[in-house]
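Topology and contacts: notes
Each chain is listed here by its residues.
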Amino acid sequence: MRGKRKRTKPHREGLHAKLKRYEELLKSYGVEFEPSGDFDASRSETASQSDVQVDEDAVPPSQRSNLEETKPRLIIDKGTSRYFDCAPWSNLGNGLHHPEVGEPTDESNIQDNEMFFEPEQIDKPENLANFHLSLQTFPKLKEIYLDRVDPMIKILHFPTFWTAAIDGLRDPQNMSTDLEAVIFAFYLATISTLKEDECQNLFGAGKSVMYSRYRLAARQALMNAEFLSTSSPITLRAYALFMTCVRKSYKCDTLFVLSGVAIRLARKMGLHRDSSALGLSPFETEMRRRLWWHLAYVDFRLADVLGTKPSLDISCSDNPMPLNVEDEDLDPDMVNPPLERHGITTNTPCLIKYEFMESLRKFSTSCPSELRWEAISSPDITIMEKDSMISHIEDRLEMKYLRYCDPSDSLHTFVSVMVRTSICKMKLLAHNPRQFANNPIKVSQNDRNIFFANAMKLLDYIIFMQEGSHGLEKYTWHLGTSVLWNVILYVLIEVRHRKTGSDVDKAWRLIGTVFSYYPQVFEESTGPVYTALGKWTLEVWDDYVAALKAASLPEPWAPDYINAIGRCRRPAIESPSKAKVRAVESEPTTRETCDPDRIQSPSHEGNLDEETLDFYNFPSLLSFEMDPNEWVQWEQLVAEQGNFAQGNSM
């Protein structure tokens, strides 16, 4: 066994020598000052190592202009980007930096990138060149990426990427590490959107095999590009694509850490600043805006799912939103910015996500920089004011995008669904009964009607997307379920309150259709979210049956999905001691045929698996209207289950 390698400390530069070196550097840049001849060298070894602070007010006006030139500066060199916020480092050139920022003194940094990722069971690839697709196969992925991935994650300028990728694949052994990283991220992103038969036809292997192979290869390519210390926007784009592709493989907490790294890398590169003000070309300005806003939105969404705040770095940005233009409107040699297009472009879905993210600032009264959907539920703004703001946002997006939507175009239809589901979500949160929990003020029937109507609309839109009609199936890979489960809970709460009626009958049909896309609800050993929803569904169904009996109306026959849930959940209701479930990560399975309108026997039989790992004590639905803490516990449960995606419509 090898002994522990002894770390050799670098020679510590004395404070006197350091100050003398700084003076020489400043003198070379024209800064005039009195030499430090009276410096006490005897204190140099014990003096503080903190940075010297310069009081500009104490500097004569003739010298102050030179100091102003050392304010924030962006340095771009050979494809790298480094941003300096403060003097004197902002004026020392690309090769000069703070003395504490030097090369590592041992080889431990080699392992940093590998240690950052979660361990894989598969052996890492020795030579990534062997994993590249041939020049005959590679072009087959182009149209798939442009059709399914590009409108959802607009961070590559595809014409320039494609040219560089084709040139690189002609000699993969000598390809630069940043280009190789983005190519493997492109492979992984495209494979993530494929169906099983498409994957077999393209590669002769199953999707799970190809996804695992290229997830590992993309990860290794990022490590080869030293992504944790990179100053290359190309490598950061590869990392951003990778994060999107592993969102169903990694826990939400892990993704939140990955996102934090991306934000810090972006800030180091100056992506948070308005690139046009830093003197960059229109092309570079636009591409940096696209990358920054994508990373900011991902961090915002992850923070929202986990119930925390996004990175404060986002609120420090002055980088405007990207333009509503196509890739063909951008060219690296262009001198003037392109004119924005009116209507729907492949960049529009991303812009809509950013529009809604920014609109949430209007609801954050306590902290304007706080970006959270929950800000809409704040009691500091009256419901009338909230409705007015939401109507204004809806009108603006109607004029800017929706009036241009062509129903025959799948991208246009998707844009329409994105806008309408997000507006529904805003109205749902504005009138959410959660804000009245533990509050003596009774929720008005008008609020309940608005709340219920928008929750039902959201279920309709979710079903519309899942059905995949109008060519929408190609975008479902980008959608998650974190919002869906909350909507189901909202509907169940209101159905329990209403008991009977035509709206209640419709709600039962919608719930059954949604559950048919998620067979985990009908499995005995499944995640706690599915088990909880199944338990509450039976609870509300029983109330529904009892209400019909009390009104002397015919007792309903339970549809298939109620019977299916009852076979594995009914014991949890009959025996409180069994009302605990095991938190098992469950992989999605194929959809089971389930017709919610079919008539079946109302019997509920079956046994619940009592082997447990983690427990969730089910509250009654009534407690959600009385205790705000129940909502917190539920949202934590949803976040822990994962299945996060960056789409805004679910």
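Rules used throughout
Residues numbered from 1 in each chain as written. Predicted model: local features only at pLDDT ≥ 70, side-chain atom pairs only at ≥ 80, totals over all residues. Heavy atoms only, no water. UniProt positions renumbered as here; feature names shortened; annotations may be inferred. Helix = DSSP H or I, 4+ residues; strand = E, 2+ residues; numbered from the N terminus. Contact = heavy atoms within 4.5 Å. Areas by Shrake-Rupley, 256 points an atom, 1.4 Å probe, with all protein chains shown as cover. Phe/Tyr/Trp six-rings, centres within 6.5 Å; stacked < 30°, edge-to-face > 60°. Buried < 20%, exposed > 50% of the residue type's maximum accessible area, 1.4 Å probe, protein only. Expected span 1.5 Å × (residues − 1). Salt bridge = Lys/Arg side-chain N within 4 Å of Asp/Glu carboxyl O. Axes fitted to C-alpha atoms, helices over the stretch in contact; angles between N-to-C directions. Left-handed = near helix turned anticlockwise from the far one by under 90°. Nonpolar A, V, L, I, M, F, W, Y, C, P; charged D, E, K, R; others polar. Parallel < 35°, antiparallel > 145°, perpendicular 65-115°, else oblique. pLDDT = per-residue confidence, 0-100. Polar contact = N/O pair within 3.5 Å; in protein donor to acceptor, adjacent residues only side chain to side chain.

- In the annotation of an unreviewed UniProt entry, the protein chain is listed under the name C6 transcription factor and assigned to Aspergillus bombycis.
- Recorded in UniProt for the protein chain, the comment headed Subcellular location (unreviewed entry) runs: "Nucleus".

1. Some words on the overall build of the protein chain
- A count of helical and extended segments in the protein chain gives 22 helices and two strands.
- Taking the contacts inside the protein chain whose residues are at least 6 apart along the sequence as the reference set, 77% of them involve residues at least 24 apart.
- For the protein chain, the accessible area works out to roughly 30,800 Å², and carbon and sulfur atoms hold 50% of it.

2. Remarks on the packing of aromatic side chains
- Across all of its chains, the model carries 31 aromatic pairs by this definition.
- Plain terms: the ring middles of Tyr-145 and Phe-186 are 5.1 Å apart, the flat faces sit at 50° to each other, and that makes the pair tilted. Here Phe-186 lies in helix 6 (residues 177–192) and Tyr-145 lies in helix 4 (residues 140–149), a separation of 41 residues in the sequence.
- Taking the relative accessible area as the measure of exposure, Tyr-145 reaches 0% and is therefore buried.
- Judged by relative accessible area, Phe-186 falls into the buried class, the value being 0%.
- Seen from their ring centres, Trp-485 and Tyr-518 are 5.0 Å apart, and the 75° between their planes marks the pair as edge-to-face. Taken together, the residues Trp-485 in helix 17 (residues 482–498) and Tyr-518 in the loop between helix 18 (502–516) and helix 19 (528–550) connect sequence positions 33 residues apart.
- For Trp-485, a relative accessible area of 1% gives the class buried.
- Owing to a relative accessible area of 8%, Tyr-518 belongs among the buried residues under this scheme.

3. Observations regarding helix 8 (residues 207–224)
- Between its first and last C-alpha atoms helix 8 spans 25 Å; for 18 residues at 1.5 Å apiece the expected length is 26 Å, and the two agree.
- Along helix 8, the residues classified as buried are Met-210, Tyr-211, Tyr-214, Arg-215, Leu-216, Ala-217, Ala-218, Arg-219, Gln-220, Ala-221, Leu-222 and Met-223.

4. Quick word on the pattern of salt bridges
- The full count for this structure, using the stated rule, is 23 salt bridges.
- In this structure, the salt-bridge partner of Asp-327 is Lys-154, at a minimum N-O distance of 3.6 Å. Here Asp-327 is found in the loop between helix 12 (312–315) and helix 13 (348–359), whereas its partner Lys-154 is found in the loop between helix 4 and helix 5 (158–169), with 173 residues between them in sequence.
- Taking the relative accessible area as the measure of exposure, Asp-327 reaches 8% and is therefore buried.
- Across the pair Asp-313 and Arg-264 runs a salt bridge, and its minimum N-O distance is 3.1 Å. Here Asp-313 is found in helix 12, whereas its partner Arg-264 is found in helix 10 (residues 252–268), with 49 residues between them in sequence.
- Exposure remark for Arg-264: the relative accessible area of 58% places this residue in the exposed category.
- Overlapping salt bridges bring together Asp-150, Lys-154, Glu-286, Arg-290 and Asp-327 as one network.

5. Here's the deal with the environment of Asp-333
- As for its placement among the helices and strands, Asp-333 is situated in the loop between helix 12 and helix 13.
- Residue class for Asp-333 comes out exposed when judged on its relative accessible area of 67%.
- Considering only alpha carbons, one finds Asp-333 and Ser-281, 52 residues apart in sequence, at a separation of 8.2 Å.

6. Some points on helix 6
- Taking 1.5 Å per residue, 16 residues should reach 22 Å; helix 6 reaches 22 Å between its end C-alpha atoms and fits that length.
- Most of helix 6 sits out of view: 15 of its 16 residues are buried.

7. Some remarks on the environment of Val-419
- Mapped onto the elements, Val-419 comes out in helix 15 (residues 410–430).
- Val-419 sits in the buried class, given a relative accessible area of 1%.

8. Examining the packing of helix 9 (residues 233–245) against helix 11 (residues 282–306)
- As a packed pair, helix 9 and helix 11 sit with axes 11 Å apart at the nearest point and diverge in direction by 35°. The two elements helix 9 and helix 11 cross, and the hand of that crossing is left-handed. Contact residues: Pro-233, Leu-236, Arg-237, Ala-240, Met-243 and Thr-244 in helix 9; Met-287, Arg-288, Leu-291, His-294 and Leu-295 in helix 11.
- When grouped by side-chain class, the residues that make up the contact of helix 9 with helix 11 number seven nonpolar, two polar and two charged.

9. A closer look at the packing of helix 16 (residues 445–467) against helix 17
- With their axes 9 Å apart at the nearest point, helix 16 and helix 17 run at an angle of 135° to one another. On the basis of their axis angle, the class for helix 16 and helix 17 is oblique. For the element pair helix 16 and helix 17, the recorded crossing hand is left-handed. Contacts between helix 16 and helix 17 involve Gln-445, Arg-448, Asn-449, Phe-451, Phe-452, Ala-455, Met-456, Leu-458, Leu-459 and Ile-462 on the former and, on the latter, Leu-484, Val-487, Ile-488, Tyr-490, Val-491, Glu-494, Val-495, His-497 and Arg-498.
- Tallied by class, the residues present in the contact of helix 16 with helix 17 amount to 13 nonpolar, three polar and three charged.

10. Things to note about the confidence of the model for the protein chain
- Per-residue confidence for the protein chain averages 78 on the pLDDT scale, and 70% of its residues sit at or above 70.
- Within the protein chain, helix 2 (residues 61–68) has the poorest average pLDDT of any element, 42, and helix 6 the best, 97.
- Note that residues 1–10 has pLDDT below 50 and, in this model, six contacts with residues that lie over four places away or in other chains.
- This stretch, residues 87–110, has a pLDDT under 50; its non-local contacts, to residues over four places away or in other chains, come to 38 contacts.

11. Some remarks on the side chain of Ser-410
- With respect to the helices and strands, the residue Ser-410 is situated in helix 15.
- A polar side-chain atom of Ser-410 sits 3.1 Å from a polar atom in the side chain of Lys-474.
- Dropping the residues within four chain positions of it, Ser-410 is found in contact with His-470, Gly-471, Leu-472, Lys-474 and Tyr-475.

12. Regarding unusual backbone geometry
- Look at Lys-499: it is not a glycine, yet its phi comes out positive at around 75°.
- If you trace the backbone, Lys-499 turns up in the loop between helix 17 and helix 18.
- Looking at Lys-499, the relative accessible area reads 31%, which means it is partly exposed.
- Phi at Ser-552 takes a positive value of approximately 60°, unusual for a residue other than glycine.
- Within the fold, Ser-552 resides in the loop between helix 19 and helix 20 (560–574).
- Its relative accessible area of 67% is what places Ser-552 among the exposed residues.

13. Quick word on the side chain of Thr-348
- The topology assignment puts Thr-348 in helix 13.
- In this structure Thr-348 comes out as buried when scored by relative accessible area, which is 0%.
- A polar contact of 2.8 Å, which involves the side chain of Thr-348, links it to the backbone nitrogen of Thr-345.
- Contacts of Thr-348, omitting those with residues within four sequence positions, involve Asn-324, Gly-343, Tyr-401 and Val-415.

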